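# Summary of the model geometry
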Amino acid sequence: MSAPLRLMLLNGPNLNLLGTREPEVYGTATLADVEQLTAQTAADLGYEVRALQSNHEGALIDAIHAAREDCAGIVINPGGLTHTSVALRDALTGVSLPFAEVHISDVYAREKFRHFSYLDDVAAVRVVGRGVDGYAEAVRALVAFIGDQDS
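None of these values were measured; they are calculated from a predicted model.

Here we come to the packing of helix 3 (residues 57–70) against helix 4 (residues 86–94). Between helix 3 and helix 4, the least distance of the axes is 9 Å, while the angle of their chain directions is 5°. When the axis of helix 3 is compared with that of helix 4, the two are roughly parallel. Contacts between helix 3 and helix 4 pair E57, L60, I61, I64 and H65 from the former with A87, L88, A91 and L92 from the latter.

Our next topic: the packing of helix 2 (residues 31–44) against helix 5 (residues 133–150). Look at helix 2 against helix 5: their axes get within 9 Å of each other, and the N-to-C directions meet at 30°. Taken together, the axis directions place helix 2 and helix 5 in an arrangement best described as roughly parallel. Remark: the crossing between helix 2 and helix 5 carries right-handed chirality. Of the residues in helix 5, those in contact with V34, L37, T38, T41 and A42 of helix 2 are D133, Y135, A136, V139 and R140.

One finds L7, Y47, V75, I104, Y135 and L142 to be the most contacted residues of the largest nonpolar core, which totals 23 residues. When residues of this core are assigned to their parent elements, the largest contribution, 6 residues, is made by helix 5. Discounting chain neighbours no more than four positions away, the residues touching Y135 are L9, N11, V34, T38, V75, N77, V102 and I104. By size, the runner-up hydrophobic cluster in this structure holds 19 residues, among which are L10, A67, V95 and L119.

Parameters at a glance
Residues numbered from 1 in each chain as written. Predicted model: local features only at pLDDT ≥ 70, side-chain atom pairs only at ≥ 80, totals over all residues. Heavy atoms only, no water. Axes fitted to C-alpha atoms, helices over the stretch in contact; angles between N-to-C directions. Helix = DSSP H or I, 4+ residues; strand = E, 2+ residues; numbered from the N terminus. Parallel < 35°, antiparallel > 145°, perpendicular 65-115°, else oblique. Contact = heavy atoms within 4.5 Å. Left-handed = near helix turned anticlockwise from the far one by under 90°. Core = buried A, V, L, I, M, F, W, Y, C linked by side-chain atoms within 4.5 Å. Buried < 20%, exposed > 50% of the residue type's maximum accessible area, 1.4 Å probe, protein only.

Shown next, in the form of structure tokens:
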């Protein structure tokens, strides 16, 4: 049975504020812009995208669990949960779906606490500091990774 041609796009806490939150760090693109870019990039590769943003860790974990039913992979910007959530890591490793970790800003050029990620050693793809274009880059790399796994 071939993998479903769907990706889950998850955006964590405070990413609903894109476009207005610290534009000098995150730019002026909105969450809707990110979702549209991700969906278009995926569509160009034959995938559809289901998107969710939540400020609640449990809602993100529930979405990760649900993704194993009909998604081939996950693109996730965990926001601040990157540096704090073992539970998010456990959910991502528990569903056995490849995932791409995305960060709009260059976390290594920011505060020291942002340099650590609970996800970096288990992510199939990691894109950091490429602005919102990093989402498109992550989709392309994740789809290539999925294709390599299927062959």
